[in-house]
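Here are the chains, one letter per residue:
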Amino acid sequence: MNPTVLFVAVLISLVTLALLRTTGSKRLLADGGYIEGVETTTREKPAGILRWITTVDHADIGLLYLILATVTGLWGGIDAMMMRTELVTPEATVWTAETYNALFTVHGTTMLFFFATPVFTGLANYFIPPLVGADDMAFPRVNAIAFWLLPPSLFLVRAGLITEVIAKVITPLGLPTRALFAIEPPAIGWTMYTPLSRAATNPEVDLFLLGLHLSGIATVLAASNIIVTIFTERDSSVNWANLDIFSWTMLTASGLIIFAFPMLGSAMIMLLLDRNFGTFFYSLEAGGAALWQHLFWFFGHPEVYILVLPAFGIVSYVLPKFTGRKLFGFKFVVYSTLAIGVLSFGVWAHHMFTTGMDPRLKASFMAVSLAIAVPSAVKTFNWITTIYNGKIRLTAPMIFCVGGISTFIVGGVTGVFLASIPIDLLLHDTYYVVGHFHLILVGIIVFAMFAASYFWYPILTGRMFNQRLARAHAWVSIVGTFLTFSPMLLLGMMGLPRRYAAYPAEFAPLQQVSTVGALILFAGVGMWLWNMIQSYRVGAVVTDADVWDLRETGQFSREWEWFERKLSRK
Amino acid sequence: MNRPLSAIAGGAAGMALLSVMLVMFEVETRSQIGLFDVIARFVGLPGQTALGFILFALAGIFAWPLLFISLENYLPLWPDPAVRGMGFAAAFWVGFIILGRGSLSGPILIMYGITTLLAHLAYGFTLGAVYARLSEESP
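Is there a simple way to think about the overall build of chain A in this case?
Along the backbone of chain A there are 22 helices and zero strands. Compactness check: chain A gives a C-alpha radius of gyration of 24 Å against a globular reference of 25 Å for 570 residues, within 12% of the reference. Overall size of chain A, expressed as C-alpha extent along the three principal axes, is 75 × 65 × 50 Å. Counting across all 570 residues of chain A, residues that qualify as buried make up 54%. Taking the intrachain contacts of chain A between residues at least 6 apart in sequence as the baseline, contacts between residues at least 24 apart amount to 80%. A total accessible area of about 24600 Å² is found for chain A, and carbon and sulfur atoms account for 69% of it.

Here it is as structure tokens:
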């Protein structure tokens, strides 16, 4: 039979089956929930793997997000280690320049879209319902869909490697593999600048764009769910004045997602059309290169705040617990979050100061970029004043928060310099930029994730982790971060451009220091992974929900009360 | 389940994970390390990757797990078999990187060390954890 006919027949029968299943006595609502008043039965969750692939429970989905993000984070980490290996010697001796290009492309994409975003969505899924006093997220099924769109989009984005694995496995069976080998890892940079991305002949670039689009849909679905949950599912005792700071930052970040991600989606669809259907959105003659940059950075700059705001939220949430004080200036931390949310849409063109844009436009973007430092500084000063005179307990989450503030100050202040046009003209596209944003991405975003993973570990697993190892991990990470990324600031000031596999020999010592730092960071991640897995197996079972002695200072917050109720039901 | 069978099951699970990790690392590092050539050199059959890998897998499923339980009372490190398994595998890793290194040199040794160490530790951990679970030896 003709394969097309067969395919259509299968599709029709599947749709018919699905229709038959759903046209029973129950009526579906548009969001997939059932109309109230219809008799429903409650069932136990199925056991084993079926539980995890059919779950609509916010906690289960939260865990799925966290597990997926752990895998992708390690994967992106291996990419980074490969880059650092290449950069040990000035010549491109280890990997080819093309492989190096693919490495920084997939490292950036994997880390931003499939590691950092899912971690915070996972934490939000798990903890926002208990924090706002809801039973579950507003749309449990949408929640499940939002998660399950991510694995296929990851597959598409990283298809170049995955198809090669499949090809390697089926080669001995004598099956045809040419098409599989033709799909190579994309080497267009995570910013996908045209005309390169428009002209690239590698078919993987199309899959890459489709995969990112799919992940954007997943992210928007998750963000809508978070917003609706916080607005409509709050317990009567939770109002806007006493909503916790983590939920506030997730709410703001989700708002940014709603505005930013559709922009990326549309821009990528136009690029796909240009590549495959002969349209001219990004043709050079029509100023397409600048158009892409504007569209991309209108998404791209809010994206960094989408990642950093939840991290700020975690630091603001965890820090007071271990200083025995309330968050200093809570209201102003919320205001600064909202201010960053609004301002983040007015700074995008500071990525384009070297493009020959009208100087008057540049100046306005410079002004807003400098202005956004104010709310960031408000937060930093509030954190410092929260610690001031507090009863400090240097637990692992606390060390990560304090370390995160210190690396954020360096990463943030270097960003203020970059916002200034004359300095940016010198430092644009150098290692200085890489050092600046990694001091924030690793320095506070990843640190906040580690802090959260330790702080909430007892709730997530019912067990306690190895605290001494965790503290060691925290110190190792602070050293590793400074050692890896400070040399990059120097390399950039000495004029070394980023994104090259080979470089002049005089930069070798600093590059090598940076690689040593990366190895230390990587060792720290190993300590974390070991602690998470091993403590889950053999860690001390938690029987008293007040693991961190929070009652003493009246900070035994809602998620811990929720945990206590869960423990007492056992 | 009795101890030898549990250990072999642990070895099989560990070997499955190890193989997947090695294939992923091999592709990820664009075949520059040639992990399967490393394995062939390690088992003493340089150049014969398929046969070398089969021998390597058989050893990982049968020989090392049985050696692991016969040495159990003598192995150091904590009472947890999974941790003991990691120590055990790390010892093999030392042999692996020395015997399999071939002509690899320079910075690529960093990735060579990291990828093979991760794969071995994962193997040892799985071997010990599955063994502990099946033989009901408390961790």
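Explanation requested: the pattern of salt bridges in the structure shown.
Working definition: two side chains of opposite charge can pair if their charged atoms are close together. Residues and elements named next belong to chain A. Using the criterion set out here, one finds 16 salt bridges over all chains in the structure. The partner of Lys 168 in a salt bridge is Glu 164, with the nearest N and O atoms 3.7 Å apart. Within this pair, Lys 168 and its partner Glu 164 are both found in helix α7 (residues 159–170), separated by four residues, close to a single helical turn. A relative accessible area of 32% means that Lys 168 is categorised as partly exposed. For Glu 164, a relative accessible area of 10% corresponds to the buried category. Shared partners join several salt bridges into a network, and the residues in it are Lys 45, Arg 51, Asp 57 and Asp 60.

Sorry, what's going on with a nonpolar patch on the surface here?
Residues and elements named next belong to chain A. Residues Phe 381, Ile 384, Ile 409, Val 413, Phe 417 and Ile 423 make up a contiguous nonpolar surface patch of about 520 Å² in total accessible area. Those elements that provide at least two residues to the nonpolar patch are α15 (373–387) and α16 (396–419). Examining the composition of the nonpolar patch, we find that three residues originate from one element, α16, more than from any other. With respect to the helices, strands and loops of the structure, Val 413 is situated in helix α16.

For this particular structure, what's the right way to read the packing of helix α4 (residues 97–132) of chain A against helix α22 (residues 558–569) of chain A?
Helix-helix packing is described using two parameters, namely the angle between the two axes and the distance between the axes. Residue and element names in this part refer to chain A. Interaxial distance between α4 and α22 falls to 8 Å at its minimum, and their mutual angle equals 95°. Considered as vectors, α4 and α22 are oriented roughly perpendicular to each other. Contacts between α4 and α22 involve Tyr 126, Phe 127, Pro 130 and Leu 131 on the former and, on the latter, Arg 558, Glu 559, Trp 562 and Lys 566. Here the contact of α4 with α22 is composed, by residue class, of five nonpolar, no polar and three charged.

Can you walk me through the confidence of the model for chain B in this structure?
Where the model shows low pLDDT, its predicted coordinates should not be examined in detail. All names here are of chain B. Overall, the prediction assigns chain B a mean pLDDT of 87, with 96% of residues at 70 or greater. When pLDDT is averaged over each helix and strand of chain B, the minimum, 87, is found for helix α2 (residues 35–42) and the maximum, 92, for helix α5 (residues 108–135). Listed scores for the predicted complex are pTM 0.91 and ipTM 0.91.

Would you mind going over the packing of aromatic side chains with me for this structure?
Aromatic rings in a pair are described by how distant their centres are and how their planes are angled relative to each other. Residues and elements named next belong to chain A. Taken as a whole and judged by the stated rule, the model has 52 aromatic pairs over all chains. Here the aromatic rings of Phe 113 and Phe 261 are separated by 6.2 Å at their centres, their planes lie at 90°, and the arrangement is edge-to-face. Here Phe 113 is found in helix α4, whereas its partner Phe 261 is found in helix α11 (residues 245–277), with 148 residues between them in sequence. Both residues of the pair, Phe 113 and Phe 261, count as buried. Taken together, a centroid distance of 5.8 Å and an interplanar angle of 85° make the contact between Phe 332 and Tyr 335 edge-to-face. One end of the pair is Phe 332 and the other is Tyr 335, both in helix α13 (residues 330–343) and three residues apart, which spans about a single turn. Take Tyr 335: its relative accessible area is 47%, and that puts it in the partly exposed class. Across the ring face of Trp 240, the terminal group of Arg 234 is positioned such that the distance to the ring centre comes to 4.1 Å. When the ring centre of Tyr 317 is taken as origin, the NZ or CZ atom of Lys 321, which lies over that ring, is 4.4 Å away.

Definitions and cut-offs
Residues numbered from 1 in each chain as written. Chains lettered and ligands numbered in written order. Predicted model: local features only at pLDDT ≥ 70, side-chain atom pairs only at ≥ 80, totals over all residues. Heavy atoms only, no water. Helix = DSSP H or I, 4+ residues; strand = E, 2+ residues; numbered from the N terminus. Rg over C-alpha atoms; globule rule 2.2 N^0.38 Å. Buried < 20%, exposed > 50% of the residue type's maximum accessible area, 1.4 Å probe, protein only. Contact = heavy atoms within 4.5 Å. Areas by Shrake-Rupley, 256 points an atom, 1.4 Å probe, with all protein chains shown as cover. Salt bridge = Lys/Arg side-chain N within 4 Å of Asp/Glu carboxyl O. Patch = residues over 30% accessible without salt bridge, like charges linked within 9 Å, V, L, I, M, F, W, Y side chains within 5 Å. Axes fitted to C-alpha atoms, helices over the stretch in contact; angles between N-to-C directions. Parallel < 35°, antiparallel > 145°, perpendicular 65-115°, else oblique. Nonpolar A, V, L, I, M, F, W, Y, C, P; charged D, E, K, R; others polar. pLDDT = per-residue confidence, 0-100. Phe/Tyr/Trp six-rings, centres within 6.5 Å; stacked < 30°, edge-to-face > 60°. Lys NZ or Arg CZ within 6 Å of the ring centre and 35° of its normal.

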